[in-house]
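# Observations on chain architecture
So you can see what is in the structure, the chains are spelled out below.
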Amino acid sequence: MQMKSRALAPFAFDLLPLGSVQPRGWIRDQLKLCAEGLGGNLYNFHRFVKDSSWLGGDVEYSPLRESAPYWYNYIVPLAYILDDNELKKQANQFLDRILKNQHADGWIGPEHTKHGRGIWARCLVLMGMVNHAVADPAQYNRIVEAMLSFTKLANSMLKDNFQGLIPHPGDEFDEFCITRAHELSTSLQWLYDQVENRQDKILIWDTMDLAWEASRVGDRDWSKFFTEEQFPKKPAAPGSTLMKHVVNVSEALRYMPQLYRMTHDPELVAHTRQSVDMVFKYHGTTFGAISGDEFLAGLHPRRGAELCGTAELIFSLSYMYRLFGDNSYADRAELATFNGLPAGMTEDWWAHNYLTQSNEVWARNLENWPFYNCGGRALVYGLEVNYPCCLVNHSQALPKFAMNAFVASPDLRFIAHQFLVPAEAKIPVTGRRPIYIISETHYPFDEKLSYEVETDQAFEFYIRVPEWATKGTTINRASGNEETKEETIEVDANNLYKIAIAPGKTAFTITLNAEIRVVPRPNNAVAIYRGALLYAMEIPHKAKVGPPTHFAERKPLPDAEYSPKLCDVEYTPTADWRVAIDPSQMHFHRSEVKGNLPNPVFASGAPPVSINVAGTKISNWELEGDCAGLPPANPAATGKPFGVKLVPFASAKLHISEFPVVDLSKDKVNLQSRRPSHGHCVLM
Ligand SMILES: [Zn+2]
């Protein structure tokens, strides 16, 4: 390995201590729904957490024993970002138990035999422990000590023919461990910067080197996968290697960034950007997620994106933006968080799906499904609609995203609003009063961001300006009663707008310039965006509610064990969805919002924004199996044109977001109407 030094490459921006950034407004409402829904309740009622082998039971859905570790990895940031005492109690009980039961040789977890000891689930526990140590200084020492003791053991295991990562005869764990070998360094790099003892530093560094070496020996070198020669440009064929598994790909986007932190090889920076662009070029959905219905699934809008793949993608993109400062990662992270993630949840966060499609005309049990191997129930919303990974991992996405709202340089000379959601930060400063920053905004449902800053010390404040807003974005510097006027702002090469903050109080407002964007999709189709939201036609539908069913047995789960809020929900359309649009005739509409946005903001009809576009029914859009086929390149229009109402994607559980295109320039359609005629025109 190329090794210039044994110092880790720094992040462009560091996270602020967990808990010092608090979400506000609509994103706080969403996080609270997560906490009051499945996310905050699995510990109380679900067997894969409550009765898992980590908590004294014996219920696991896989020999990786990953369910409670997935849960712990998200419950810590969710608890501390909401300052929720009940969730902190859950996290603390888990931590107490696993530290008390740490084996004499350093192993963390319920496994007692060499063959049971796969390292992978430890990576999730270590990520939870890092956040726990940062959020609660009282836990710091014992966590660092436990991590160090585990690292000593991991080092000896990896020196013994990469035991714990590469499966050997008799091992109970499978190749997921080696496919995710780089995940060990996600937390060990943090640990490396905590310890001062030279021997400890050498041990941690060498352990990470052994994990990189294991990935090469085990044929899981992701830097070779993300190349023109090797990267799959088509949907994965049956029997594919786990490197084409969408959750692994989403996690592996951090393979090169984390390796870069150790090698400082600039080639890895460029290569990382290429890897992300390549994934989206060949497997990008309209809604910001990677298409993978278990394995990479290409560009057809009937293929699906797995919910926990989207959660991992958001974490990877946030990490990469913070490390490299390349705005494209942040734009992509916001797109997935505001569109793909909430599309996978019911509005109250008590049910999730396994797959979301760009064009989804049924969310029912399909008989003739197009997925790699997810089966017909993957589109249904519920508790255990498919393999349980998405159940125990979807809640990771939002708290880890929100942690990144404000970030800073270690010396606090630079503080940045990275993800533009409403949030406030109270940043401790040694020997002085904390720095307070509040961002009040309905973004991405509005483009106005009002800031209030109070500080005893000067600093540079950076506001990330998304790529779509780099032209025409303005600032209004309100100052007392003086007349203020808007000025157009300039951003730097990293899309940052910099404003010098002097001691005292400062207030100003940024207005991002959002315009409707028409983005080409395969077969002459288009997707419609404005700002960070994807707009889709909601297909009128009815819901069929049933009891939650067991993920493998497909039988109703016993009532007594489950909250009455739990159910499985299928959606079937009550109107035709075969519509083509003319994007040359569009009108954006925003309803006035007094006070807070509606909660839940992604309920059907709740978002205050919509786009009316001229459209027409068409006769030649066929079904492929039980899904909408590819949008026809030459749609055959029938009937009179009308206004089609498009709404934020996640608020439309059945939806079209990739539209065939027609030329309706001869028919001017009235798009200003508050009630577009789509409702009655497209009824079957
Ligand atoms: Zn999953």
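In this text the structure is predicted, and so the values were computed from the model without any measurement. (Residues numbered from 1 in each chain as written. Predicted model: local features only at pLDDT ≥ 70, side-chain atom pairs only at ≥ 80, totals over all residues. Heavy atoms only, no water.)

## Points about the nonpolar core
- Residues Met 129, Phe 226 and Phe 461 are the most contacted members of the largest nonpolar core, which totals 247 residues.
- Counting residues per element, this core draws most heavily on helix H15 (residues 307-324), at twelve residues.
- Leaving out residues up to four positions away in the same chain, Phe 226 has contacts with Phe 231, Val 249, Ala 252, Leu 253, Met 256, His 271, Ser 275, Met 278 and Val 279. (Core = buried A, V, L, I, M, F, W, Y, C linked by side-chain atoms within 4.5 Å. Buried < 20%, exposed > 50% of the residue type's maximum accessible area, 1.4 Å probe, protein only. Helix = DSSP H or I, 4+ residues; strand = E, 2+ residues; numbered from the N terminus. Contact = heavy atoms within 4.5 Å.)

## Here we look at the coordination of the zinc ion
- Within the protein, the atoms that donate to the zinc ion are Glu 306 (OE), Cys 308 (SG), Cys 389 (SG) and Cys 390 (SG), at distances of 2.1 to 2.3 Å.
- Classification of the site at the zinc ion as tetrahedral follows from its four donor atoms and the range of 91 to 128° in their angles at the metal.
- Counting the intervening residues between successive donors of the zinc ion yields the motif E-x1-C-x80-C-C. A residue pair is termed long-range when its members are at least 10 positions apart, and Cys 308 in helix H15 and Cys 389 in helix H17 (residues 389-393) qualify at 81 residues.
- Its relative accessible area of 7% is what places Cys 389 among the buried residues. (Donors = N, O, S within 2.8 Å, 3.2 Å for Na, K, Ca; no water. Tetrahedral: all angles 85-135°; square planar, octahedral: opposite > 155°, others 65-115°.)

## With respect to helix H13 (residues 255-263)
- Judged by how many residues are buried, H13 sits mostly within the fold: nine of nine residues are covered.
- Taken together, the buried positions of H13 are occupied by Tyr 255, Met 256, Pro 257, Gln 258, Leu 259, Tyr 260, Arg 261, Met 262 and Thr 263.
- Elements in contact with the buried residues of H13: helix H9 (183-194), helix H10 (198-217), helix H11 (222-225), helix H12 (246-252), helix H14 (266-283) and H15.
- With its phi angle positive at about 60°, His 264 sits one or two positions after the end of H13.

## Some points on the sheet that holds strand S15 (residues 486-488)
- A sheet is described by the order of its strands in space; here seven strands give the open sequence S2-S10-S11-S12-S17-S14-S15, paired in antiparallel fashion. Both edges of this open sheet fall to strand S2 (21-23) and S15, since each of them pairs with a single strand only. Strand-to-strand twist in this sheet, taken as the mean axis angle between neighbours without regard to direction, amounts to 20°. (Pairing = 2+ DSSP bridges. Axes fitted to C-alpha atoms, helices over the stretch in contact; angles between N-to-C directions.)

## A word on the sheet that holds strand S9 (residues 414-417)
- Strand order in the open sheet made by the five strands is S1-S8-S9-S13-S16, with mixed pairing throughout. Only two strands of the sheet have a single partner each, and these edge strands are strand S1 (14-15) and strand S16 (496-501).
- In this structure, S9 lies alongside strand S13 (residues 459-464), joined through four bridges in parallel fashion. Residue pairing for S13: Ile 415 is matched across the bridge by Phe 461.

## Things to note about the side chain of Glu 447
- Locating Glu 447 in the fold gives a position in the loop between strand S11 (432-441) and strand S12 (448-455).
- Overall, the relative accessible area of 6% leaves Glu 447 in the buried class.
- Residues within four places of Glu 447 in sequence aside, it is in contact with Ile 510, Thr 511, Leu 512, Ala 514, Arg 530 and Arg 590.

## Section: the pattern of salt bridges
- For the structure shown, the criterion picks out 35 salt bridges.
- Across the pair Arg 590 and Glu 447 runs a salt bridge whose closest N-O atoms are separated by 3.0 Å. Residue Arg 590 is located in strand S23 (residues 579-590), and its partner Glu 447 is located in the loop between S11 and S12; the two are separated by 143 residues in the primary sequence.
- Salt bridges sharing partners connect three or more residues here, namely Arg 273, Asp 277, Asp 326 and Arg 332. (Salt bridge = Lys/Arg side-chain N within 4 Å of Asp/Glu carboxyl O.)

## Considering the UniProt feature "domain: Non-reducing end beta-L-arabinofuranosidase-like GH127 middle" (unreviewed entry) in the protein chain
- Under the local residue numbering, the UniProt record ascribes the feature "domain: Non-reducing end beta-L-arabinofuranosidase-like GH127 middle" (unreviewed entry) to residues 420-475.
- Here residues 420-475 is 0% helix and 59% strand, with 15 Å between the C-alpha atoms at its ends. (UniProt positions renumbered as here; feature names shortened; annotations may be inferred.)

## Focus: the packing of helix H5 (residues 85-100) against helix H6 (residues 120-135)
- H6 packs onto H5 with a crossing angle of 120° between their chain directions and a minimal axis gap of 12 Å. The angle between H5 and H6 falls in the class oblique. Of the two elements, H5 crosses H6, and the hand of that crossing is left-handed. Here H5 contributes Ala 91, Asn 92, Leu 95, Ile 98 and Leu 99 to the contact with H6, which in turn contributes Val 125, Met 129 and His 132. (Parallel < 35°, antiparallel > 145°, perpendicular 65-115°, else oblique. Left-handed = near helix turned anticlockwise from the far one by under 90°.)

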